[in-house]
Amino acid sequence: MRGHVLAAVLLATLLAGRAHADCPTRPYWPTDAFLERTAETAMARPAEIAALEQFAFTLVGSDDERKGARTDAVVIARAGEIVYERYARGWSADQRHYSWSVSKSVVNALAGIAVAAGLVALDDSVCKYVTLPRADHCDITLRNLLEFSSGLAWKETYEGESNQVSSVLAMLYGEGAADMLSFVAGHDSRDPPGATYMYSSGDSTFLAGVLHRPLSHAFGADYAWTQLFDVLGMSSATFESDATGAPVGSSWFDATPRDLLRFGYLYANDGCWDGARLLPEGWVAQSTAVSAPYRQRALDTAPADGTQGWQFWLNLAVPEQRQPTPWPDVPTDAFAARGHWGQSVTVIPSLDLVIVRTADDRDGSFDFDQFLKLAIAVGS
Amino acid sequence: MRGLVAVALVVAGCSSPPGGERVYQRNDLQLLTAHAAKEMCSCLFVFGRDEAFCTAWVKAAPDLKTLHVDWDDKRVESQAVLLWGARARFVDARHGCVLE
C-alpha cells in the first residue's frame with residue numbers, strides 16, 4: 001500500500017515538474033505590483049541616469065512645432081523589478097498610452113495562445129476560420145500573416161503622402177473602418193503568399209480578425225483579457241475593435257507603460273507567466289528569428305527599424321537583404337515591439353532587461369539605438 | 001477664403017496620383033474627420049487626457065475640421081467645411097472607442 005502511495009506521489013511530482021520544467025522560475029512575478037529598485041539605482045547610477053534623461057527628456061521648441069524627442073515615459077525593469085521610471089508631458093503612471101504598432105506584437109501573443117490551445121495551426125488557410133470576399137486569397141495562411149508575407153498589394157503610408165492612396169488610413173478611418181478584415185482581404189495580390197516580406201498593417205489586422213473567431217468561440221468574446229491581459233495583471237489593457245468586434249491588431253492597443261512592461265516580461269520568460277505556459281514551447285524563439293520571406297525578399301527595409309520576425313523587430317543582421325545589425329550598441333538577442341511616434345517595448349534576454357518608452361515623436365529623428373544604449377547603462 | 005482655397009486644393013488633389021496607385025474612396029476631409037473623431041474619443045476617454053491636450057494631439061495640417069465633444073454620451077463629432085463629418089463613441093474601458 002505504502003509503495004503505491006509513494007509511486008503515485010513520485011508520478012505526480014514528475015508530471016507537475018514536466019509541465020513547468022521548461023518555464024523560468026522567478027522569485028516574484030509583477031502581476032499585482034512591481035518591486036521597485038528606483039532609489040537604489042538613482043544612487044548607484046546618477047551619471048547614467050543623467051545621460052539617459054538628457055537624451056530622452058529634453059524638449060526642443062514649442063509643443064506646437066512637434067520637434068525632436070517627445071518622450072512621455074521611460075520604464076526599465078531588470079529581472080522584473082523596476083529600476084527606473086519617469087513620466088513627462090503631463091502623462092502619469094496610471095494613464096493608458098496609445099501604442100500603435102506595438103499592437104502587432106500583442107497579436108503575436110494571441111496567435112501563440114490560439115496555437116497552444118490547439119485552436120489553429122499556423123499553416124491553416126485563413127478560410128478555415130473566416131469567409132473572405134475573394135476566394136482566391138484562401139491560399140493565405142496564418143503563418144503568412146505573421147510573417148507579413150500575404151503578398152497583398154498594400155500601401156503602408158501614414159503622413160507625408162496623399163492620404164487617399166494610403167491603405168492603412170483607408171482601413172482605419174475610411175472605407176475599411178467598419179469591417180477591416182474584409183477590406184484587407186479585398187485587395188489584389190502583389191505576390192504569391194510566402195514569397196515576399198512587406199510590413200503591412202493590413203496583414204496584422206487580417207490576422208487579428210482571423211484569430212478572433214476561434215478564440216471567441218473557445219474562450220468568449222473577452223478572450224484577450226481572460227487568456228492574456230488578466231493573467232499578466234495588465235489591468236489597463238484596452239484593445240479597440242472595428243464594428244465587427246475584431247480587435248484592430250495593427251494599431252489600437254492601449255495600456256499603461258507598466259502594463260507594457262508586463263507584456264515584455266512575458267516574452268523575457270519564454271512565454272511563461274508565474275508557472276503557466278501561455279505561448280507554446282519554442283514560440284518566442286520562432287517569433288524572434290528572421291522569417292524566411294524576409295530572408296528571401298524583403299520589399300521594405302529601414303536599417304534602423306530592425307529586421308523582422310513574427311510581428312517583432314529584431315536586432316539580427318540579415319546579409320541576404322544587406323541588412324547590418326540594426327542596433328549596433330545593443331546585444332543581438334534584443335527584440336522589440338515598436339509603434340509609430342516612438343513607442344517601444346524592448347526585451348533583452350541576455351541582460352534580463354525590459355525597456356518601455358512611450359512618446360509622441362513626430363519628426364523621425366529619434367535614435368533608437370542610442371536610446372537603448374543609454375537605457376542599458378542605467379538598467380544593467 | 002482660406003478654407004475655400006484649401007477645399008479647392010483638396011478636390012484638385014483627388015485626381016489619380018502618378019504610378020497608377022489605388023485611390024481609395026473617402027477623400028482627405030472624410031479621412032481627416034474620421035481620424036479626428038476616433039482619436040479624440042480615445043484620447044479623452046481611453047487615455048484620460050484633457051480636451052486641450054487632445055485637441056492639440058489630433059491636430060493635422062491643414063486643420064480644416066471642427067471637434068465637438070458630448071461628455072454625457074461620451075461621443076466626439078468632427079466636421080469639415082460643413083460637407084463631411086464623422087462620429088465616434090466610447091464603448092467601455094476594454095473596448096475603447098469605435099467609429100459610428
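Just so we're clear, the structure is a prediction, and the values are computed from it rather than from any experiment.

Student: Would you mind going over the nonpolar core with me for this structure?
Tutor: The biggest cluster of nonpolar side chains holds 140 residues, and the ones touching the most others in it are Ile76, Phe206, Leu211, Leu228, Phe229 and Tyr267 of chain A. Setting aside residues up to four positions removed in sequence, phenylalanine 229 of chain A forms contacts with Val106, Ala224, Met234, Ala237, Phe239 and Phe253 of chain A.

Student: Help me understand the pattern of salt bridges, please; the structure alone is not making it clear to me.
Tutor: A side chain with one charge may pair with a side chain of the opposite charge, provided their charged atoms come close. All names here are of chain A. Within the structure shown, the criterion is met by 33 salt bridges over all chains. For the salt bridge of arginine 86 with glutamate 53, the shortest nitrogen-to-oxygen distance reads 3.1 Å. Of this pair, arginine 86 sits in strand β2 (residues 81-87) while glutamate 53 sits in helix α3 (residues 46-57), and the two are 33 residues apart along the sequence. Overall, arginine 86 belongs to the partly exposed group, its relative accessible area being 30%.

Student: Where do I start with unusual backbone geometry in this structure?
Tutor: Where the residue is not glycine, phi is negative for most of them; where a peptide bond is considered, it is trans in most cases. Notably, alanine 79 of chain A is not glycine yet its phi reads approximately 50°, a positive angle. Judged by relative accessible area, which is 29%, alanine 79 of chain A ranks as partly exposed.

Student: How should the environment of tyrosine 294 of chain A be read in this particular structure?
Tutor: Residues and elements named next belong to chain A. Its location among the elements puts tyrosine 294 in helix α12 (residues 292-296). Note on tyrosine 294: relative accessible area 1%, which makes it buried. Between the alpha carbons of tyrosine 294 and phenylalanine 148 there is a distance of 8.6 Å; along the sequence they are 146 residues apart. If we skip the residues at most four places from it in the chain, tyrosine 294 touches Tyr197, Thr301, Gly306, Thr307, Gln308, Val318, Gln321 and Gln323.

Student: Whenever I open this one, the state of the cysteines confuses me. Can you help?
Tutor: Two cysteines joined by a covalent bond between their sulfur atoms form a disulfide. According to the stated counting rule, one finds 4 disulfides over all chains in the structure shown. In this model cysteine 127 of chain A forms its disulfide with cysteine 138 of chain A; the gap between the sulfur atoms is 1.9 Å. Sign of the S-S torsion, about -85° for the bond between cysteine 127 of chain A and cysteine 138 of chain A, identifies this disulfide as left-handed. Here the residue cysteine 127 of chain A occupies a position in the loop between α4 (102-116) and α5 (142-146), and cysteine 138 of chain A occupies one in the loop between α4 and α5, the gap between them amounting to 11 residues. Judged by relative accessible area, which is 28%, cysteine 127 of chain A ranks as partly exposed. Taking the relative accessible area as the measure of exposure, cysteine 138 of chain A reaches 28% and is therefore partly exposed. The residue that forms a disulfide with cysteine 43 of chain B is cysteine 54 of chain B, at a sulfur-sulfur distance of 2.1 Å. Every disulfide takes its handedness from the sign of the S-S torsion; for cysteine 43 of chain B and cysteine 54 of chain B that torsion is -80°, giving left-handed. Taken as a pair, cysteine 43 of chain B in helix α2 (residues 28-45) and cysteine 54 of chain B in helix α3 (residues 51-57) lie far apart in primary sequence, 11 residues in all.

About the cut-offs
Residues numbered from 1 in each chain as written. Chains lettered and ligands numbered in written order. Predicted model: local features only at pLDDT ≥ 70, side-chain atom pairs only at ≥ 80, totals over all residues. Heavy atoms only, no water. Core = buried A, V, L, I, M, F, W, Y, C linked by side-chain atoms within 4.5 Å. Buried < 20%, exposed > 50% of the residue type's maximum accessible area, 1.4 Å probe, protein only. Contact = heavy atoms within 4.5 Å. Salt bridge = Lys/Arg side-chain N within 4 Å of Asp/Glu carboxyl O. Helix = DSSP H or I, 4+ residues; strand = E, 2+ residues; numbered from the N terminus. Disulfide = S-S within 2.5 Å.

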